[in-house]
Amino acid sequence: MSSARDTVLGRIRDALALAPTPAVVLPRDYRTGRVLPDDERLAQFTDRLLDYQARVRPCTADRTAEAVGELLREHGVRRIGVPAGLDVRWLAGYDGEVLEDDADVPAPQLDTLDAVVTASAAGCAETGTIFLDGSPGQGRRALSLVPDLHLCVVDLSAVEVGVPEAVARLVPERPTTLISGPSATSDIELERVEGVHGPRRLVVVIRTDA
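Residues numbered from 1 in each chain as written. Predicted model: local features only at pLDDT ≥ 70, side-chain atom pairs only at ≥ 80, totals over all residues. Heavy atoms only, no water.

(A) Representation of the sheet that holds strand β6 (residues 129-132). One open sheet accounts for four strands, arranged β8-β5-β6-β9; its pairing is mixed. The sheet terminates laterally at β8 (159-160) and β9 (177-179), the two strands that pair on one side only. Examined bridge by bridge, strand β5 (residues 122-124) and β8 share two bridges and lie parallel to one another. Bridging across to β8, Gly-123 finds its partner in Val-159. (Pairing = 2+ DSSP bridges. Helix = DSSP H or I, 4+ residues; strand = E, 2+ residues; numbered from the N terminus.)

Put into structure tokens, the structure is as follows:
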């Protein structure tokens, strides 16, 4: 005897099979192609990130390791997780313990980390959003959501003006995570609570000449 769930799903499948094919094609003419000079994109992106209560450190590409090391020390980080494809040169200024993540590492073990360090796929200046797509330098979604602090390295060259331009950089088949500041929500009294659905603290290193 089928369950109520199977009955409901069966009726949905039957209804979809009988439904006519939509004749209307929805327009996808989003506004694209907007550009801004590097300094203006950097200023806008930084402003949005700070508004979200993220910590921001611009630096040149050759000082990435220095910036990463200083920021981790400032936050008292002694144990970090990194995706397997992260550029190891970025960790040259860090002298603590490093866990290289893989799919066999359970989520409770990720919760013992002080922080995670990842790269990024793209950014949006208008919204202060960072895009991760699960590439080797960014890792699986759990790695960037479980630890309390996320240090993310963003290349300014990958920061677009708006969302359509940023989304155009992504591969649709890859798992995408959008980050707009530290994880936060508000209760019924509009009291801000951080760290509910991900890291409580977000630190962004923006490489201005990469």
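The discussion continues.
(B) Representation of the sheet that holds strand β1 (residues 55-59) in the model. Reading across the sheet, the six strands line up as β1-β12-β7-β4-β2-β3 and stay open at both edges, with parallel pairing between neighbours. Two strands lie at the open edges of the sheet, namely β1 and β3 (97-100), each paired on one side alone. Sheet twist, expressed as the average angle between the axes of neighbouring strands with direction ignored, equals 20°. Relative to β3, strand β2 (residues 79-82) runs parallel, the two sharing four bridges. Residue Ile-80 lies in a different strand from β3, and its bridge partner there is Val-98. In the packing of helix α2 (residues 38-51) onto the sheet, the strands contacted are β1, β7 (149-155) and β12 (201-207), and the crossing angle to β12 comes to about 170°. Along the sheet, helix α3 (residues 64-74) contacts β1, β2, β4 (115-118), β7 and β12; its crossing angle with β1, the most-contacted strand, is approximately 155°. (Axes fitted to C-alpha atoms, helices over the stretch in contact; angles between N-to-C directions. Contact = heavy atoms within 4.5 Å.)

(C) How the structure looks around α2. Between its terminal C-alpha atoms α2 stretches 20 Å, which fits the 20 Å expected from 14 residues at 1.5 Å a residue. Within the span of α2, buried status applies to Arg-41, Leu-42, Phe-45, Thr-46 and Leu-49. Buried residues of α2 fall within an arc of 125° about the axis and therefore sit on the same side. The exposed residues of α2 that point more than 90 degrees off its buried face are Asp-39 and Asp-51. Of the surrounding elements, those touching the buried residues of α2 are β1, β5, β6, β7, β8 and β12. At the C-terminal side of α2, Gln-53 shows a positive phi close to 70°. (Expected span 1.5 Å × (residues − 1). Buried < 20%, exposed > 50% of the residue type's maximum accessible area, 1.4 Å probe, protein only. Arc of directions from axis to C-beta.)

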